[in-house]
Amino acid sequence: MPGDAAQRVWADLERIRAEAPLVHNITNYVVMNTTANALLAIGASPVMAHAVEEVEEMAGIARSLVLNIGTLSPVWVEAMIKAGRRARARGIPVILDPVGAGATHYRTSTVHRLLQEAAPSVIRGNASEIRAVLYAEDATKGVDSTHTAEEALDAARILSGHSHAVVSVSGPADLIVSGRSVIRVANGHPMMPRVTGLGCTAAALIGAFAAVNESPWRAAAHAMAVLGIAGEMAAERSPGPGSLQMHLLDALYTLAEPDIRDRLKMVEE
Amino acid sequence: MPGDAAQRVWADLERIRAEAPLVHNITNYVVMNTTANALLAIGASPVMAHAVEEVEEMAGIARSLVLNIGTLSPVWVEAMIKAGRRARARGIPVILDPVGAGATHYRTSTVHRLLQEAAPSVIRGNASEIRAVLYAEDATKGVDSTHTAEEALDAARILSGHSHAVVSVSGPADLIVSGRSVIRVANGHPMMPRVTGLGCTAAALIGAFAAVNESPWRAAAHAMAVLGIAGEMAAERSPGPGSLQMHLLDALYTLAEPDIRDRLKMVEE
Amino acid sequence: MPGDAAQRVWADLERIRAEAPLVHNITNYVVMNTTANALLAIGASPVMAHAVEEVEEMAGIARSLVLNIGTLSPVWVEAMIKAGRRARARGIPVILDPVGAGATHYRTSTVHRLLQEAAPSVIRGNASEIRAVLYAEDATKGVDSTHTAEEALDAARILSGHSHAVVSVSGPADLIVSGRSVIRVANGHPMMPRVTGLGCTAAALIGAFAAVNESPWRAAAHAMAVLGIAGEMAAERSPGPGSLQMHLLDALYTLAEPDIRDRLKMVEE
């Protein structure tokens, strides 16, 4: 029943607002400000820290860890691995965003290292990235998707099976895959890809939801739904991507139970 | 008299707008854009430069230096020390923002190095950070404050005495402490902590005010008042933190003398 | 005829929106988010990548390369050189933004290395920066301009002659110089310099236009015109620089042919 799904999403959101879980992000330069703001708007407590001198200690006090390779370099990858191992040892969820996987060999090989070393609970990318993570030979065009989410479903299922991670594929309809199980989320708005880093924001929000929901599969779906709903609410008052970005933060902050109940398009298969 | 205080704040703001002092920032990745925009909005001239190859030269032409450890790493700390020494030798004010001090040993020990090497004129943090700078053993939760400003007053007094710096403690009411003297600023809005980096913006604005006011104590208080007042003006038209961030920049830009006179809540003890 | 000029600008914009050219940026931390958003708003496809491990491969799939030294450091400069050589070998346009050239010797000498190694098609800066690139002994004040664009015209002509690059000088009226030929663009708004990084945004947009227009001279002029027009449209509804930044992205996204035809102030000499 939609009502139950909406209640579950709302329950997570209320927990985030009540508990303000600390989400440790090792992410890219482009989105640090906007993902921190999205986490604050939703009620979580973000920290950005990447020095190898401190990431283990920071991952040691966080409730989830978000790794994003958008502007990777060797010392940052080393920090991601250190933090990932610490998170894994503590049993807190790790979210991996393989930005631009497939565009360069360095990105693709880094993703494979992170899959082994950090054992993410959730891998979130667009269709091209998810396919690239599975088929290392596949080339993506920069960081924008050139495959549909549906085309990536098989790849997501295989990757989920291999990695024992939930695989969340962003697209016009998001697919959240755990082994053979799929949740489809059809919320969102076509203008959203014209704001940089909303995919990265999705990964950060999954970090917040995974901190309060023991199922990474449901946490990822709930985060995608909340971001999509906030995006719809924002788009209704936005003539372009500049105002969309601003209204999106406002919507994450003001989001109320009826917004979720009225708008949620989530189907579990 | 409030009128006099408002006149002093306004006089500083007019000087900043007339002189556009160059403020050299070595700050964190999350807030570089937003603190540069706040400095521009208020009429100052920001420059961000962190390479050890150039920081001494840049600090050599700036009128103040802002050091912020929000996303620190060894090469950045080295640059902060080089720039800090140069600023100290030139006698320009140095503002230190110990973001997340106490959260990791690396942050706390870096703050102690910077206190010795850069001899800041002003240390600005939230209550947890200020306490952590004083009591190295105290743990903070990430970068958000878990102590009230009042609880930090004693710590601020002791730290100010030890360091010979002004200590500015951000909170619902800001405390600006110089030895035994305290200015309390009660401006601001509860939504402001939901925008990332407004504490860092406070430190950057102190840099602008300290460039035009010889008293770092008054400069810090005036900056906190102006940020708080602009935050109040912004919050009145903002349903959430996205629009608050935008309106805050507009308010810093349009701030007029009556806004300060009508809203200033500053008490000197 | 103005009509023809407007048609040429519009034709480029339509091609960018239709083809979404991949623009590879190695740029500064302050503006990564805002320049990515400007490129997305105009219809291009930005990628930010700076690791020496991947920049050649990324420049190998991009349609233009934008190099910006705003927050330079040695490993970033090395990456710029590697990417620049690859771009040069492939014959894709390279745009160089010498942010703060003249402020420190490190910046000035880096610009000279990049001129030799990357052979940019377009150099874009304010008057101080362009003069500093030519006269290494000239000092600029931080990253803001202290010379008028007109004063820089001679410098731009000489620099264009020496470097065989188009030189685009930003100011109240922009000058786009190719050898002895000049295009003047008088679009824009006085509030624009109060938003950080709009110069960097200009360089990024030149990257998008140069990807679809074989003449770097016209591409640079068209980009300056579009940014200036969008800035005018944004300023009309903006009380301050916070809202200007937001409305500017909306304007880049919604810009229609009549906006260009009605507002374009471009003169070719």
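Residues numbered from 1 in each chain as written. Chains lettered and ligands numbered in written order. Predicted model: local features only at pLDDT ≥ 70, side-chain atom pairs only at ≥ 80, totals over all residues.

## What about the environment of C:Leu255?
All names here are of chain C.
(1) Moving on: Within the secondary structure, Leu255 is located in the loop between helix H10 (241-254) and helix H11 (257-263).
(2) Moving on: Judged by C-beta crowding, with 23 C-beta atoms within 10 Å, Leu255 ranks as buried.
(3) Moving on: In this structure the C-alpha to C-alpha distance between Leu255 and Ala202, which are 53 residues apart in sequence, comes to 16 Å.
(4) Moving on: Setting aside residues up to four positions removed in sequence, Leu255 forms contacts with Leu13, Val226 and Ala230. (Helix = DSSP H or I, 4+ residues; strand = E, 2+ residues; numbered from the N terminus. Buried ≥ 20, exposed ≤ 12 C-beta atoms within 10 Å, placed from the backbone. Contact = placed C-beta atoms within 7 Å.)

## Details of the interface of chain B and chain C
(1) Moving on: Contact residues are listed per partner, giving 26 residues for chain B and 28 residues for chain C.
(2) Moving on: Contributing elements (two or more residues each) for the side of chain B that touches chain C: helix H2 (32-42), strand E2 (45-48), helix H3 (55-61) and helix H10 (241-254) of chain B.
(3) Moving on: It is H10(B) that contributes the most residues to the side of chain B that touches chain C, seven residues altogether.
(4) Moving on: For the side of chain B that touches chain C, a count of residues per class yields 16 nonpolar, six polar and four charged. (Nonpolar A, V, L, I, M, F, W, Y, C, P; charged D, E, K, R; others polar.)

## Considering helix H9 (residues 216-235) of chain B
(1) Moving on: For H9(B), spanning 20 residues, the distance from its first C-alpha to its last is 28 Å, which sits close to the expected 28 Å at 1.5 Å a residue.
(2) Moving on: Burial analysis of H9(B) places 19 of its 20 residues in the buried class, which makes it a mostly covered element. (Expected span 1.5 Å × (residues − 1).)

## A few points about the interface of chain B and chain A
(1) Moving on: Contact with chain B, which involves 28 residues of that partner, is made by 26 residues of chain A.
(2) Moving on: Elements with a minimum of two residues in the side of chain B that touches chain A: H2, helix H5 (105-118) and H10 of chain B.
(3) Moving on: For the side of chain B that touches chain A, the element with the highest residue contribution is H10(B), accounting for four residues.

## Section: the relation of the copies chain B and chain C
(1) Moving on: Superposing chain B onto chain C requires a rotation of 120 degrees together with a translation of 0.0 Å along the rotation axis, leaving an RMSD of 0.0 Å. These values place the two chain copies in the arrangement generated by a three-fold rotation axis. Considering only C-alpha atoms, the residue of chain B closest to the rotation axis is B:Tyr29, which sits at 3.8 Å.
(2) Moving on: The residues that chain B uses at the interface reappear at the interface of chain C in only 12% of cases, marking distinct surfaces. (Least-squares fit on C-alpha atoms with pLDDT ≥ 70 in both.)

## Points about the relation of the copies chain B and chain A
(1) Moving on: When chain B is fitted onto chain A, the two copies agree to an RMSD of 0.0 Å after a turn of 120 degrees and an axial shift of 0.0 Å.
(2) Moving on: Interface overlap between copies is the fraction of interface residues in one copy that are interface residues in the other; for chain B against chain A it is only 11%, indicating separate surfaces.

## Observations regarding the packing of helix H10 (residues 241-254) of chain A against H10(C)
(1) Moving on: Contact geometry of H10(A) with H10(C) gives a least axis separation of 6 Å together with a crossing angle of 135 degrees. Regarding the angle of H10(A) to H10(C), the classification is oblique. On H10(C), the residues touching A:Pro241, A:Gly242, A:Ser243 and A:Met246 of H10(A) are C:Met246, C:His247, C:Leu248, C:Leu249, C:Asp250 and C:Tyr253.
(2) Moving on: Considering only residue class, the contact of H10(A) with H10(C) consists of six nonpolar, three polar and one charged. (Axes fitted to C-alpha atoms, helices over the stretch in contact; angles between N-to-C directions. Parallel < 35°, antiparallel > 145°, perpendicular 65-115°, else oblique.)

## So, the environment of B:Leu153
(1) Moving on: Along the chain, B:Leu153 turns up in helix H7 (residues 153-163).
(2) Moving on: Distance in space between the C-alpha atoms of B:Leu153 and B:Val169 is 8.0 Å, their sequence separation being 16 residues.

## A word on the packing of helix H9 (residues 216-235) of chain C against H10(C)
Residue and element names in this part refer to chain C.
(1) Moving on: Two elements in contact, H9 and H10, have axes whose closest approach is 8 Å; the angle formed by their N-to-C orientations is 125 degrees. Put simply, H9 runs oblique to H10. For the crossing formed where H9 meets H10, the hand is right-handed. Here Ala230, Gly231, Met233, Ala234 and Ala235 of H9 lie close against H10, whose contacting residues are Leu244, His247, Leu248, Ala251 and Leu252.
(2) Moving on: Partitioned by chemical class, the residues of the contact of H9 with H10 number eight nonpolar, two polar and no charged. (Left-handed = near helix turned anticlockwise from the far one by under 90°.)

## Focus on the sheet that holds strand E9 (residues 266-268) of chain A
Residues and elements named next belong to chain A.
(1) Moving on: Read across the open sheet, the nine strands follow the order E2-E1-E3-E4-E5-E6-E7-E8-E9; overall the sheet is mixed. At either margin of the open sheet sits one strand with a lone partner, and together these are strand E2 (45-48) and E9. Recorded for the sheet is a direction-independent mean angle of 20 degrees between the axes of neighbouring strands.
(2) Moving on: In the packing of helix H2 (residues 32-42) onto the sheet, contacts are made with strand E1 (22-26) and E2, and the angle to E2 comes to roughly 155 degrees. (Pairing = 2+ DSSP bridges.)

## Thoughts on the pairing of strand E4 (residues 94-97) of chain B
All names here are of chain B.
(1) Moving on: Along E4, one buried face is formed by Val94 and Leu96 and the opposite face, lined by Ile95 and Asp97, is buried too.
(2) Moving on: Here strand E3 (residues 64-68) runs beside E4; their pairing, made up of four bridges, is parallel. For Asn68, the partnering residue across the bridge sits in E4 and is Asp97.
(3) Moving on: Note that the unit made of E3, helix H4 (residues 74-90) and E4 has a crossover that is right-handed.
(4) Moving on: Each parallel crossover has a hand, and the one from E4 via H5 to strand E5 (residues 122-126) is right-handed. (Right-handed = clockwise from strand over helix to strand, strands pointing away.)

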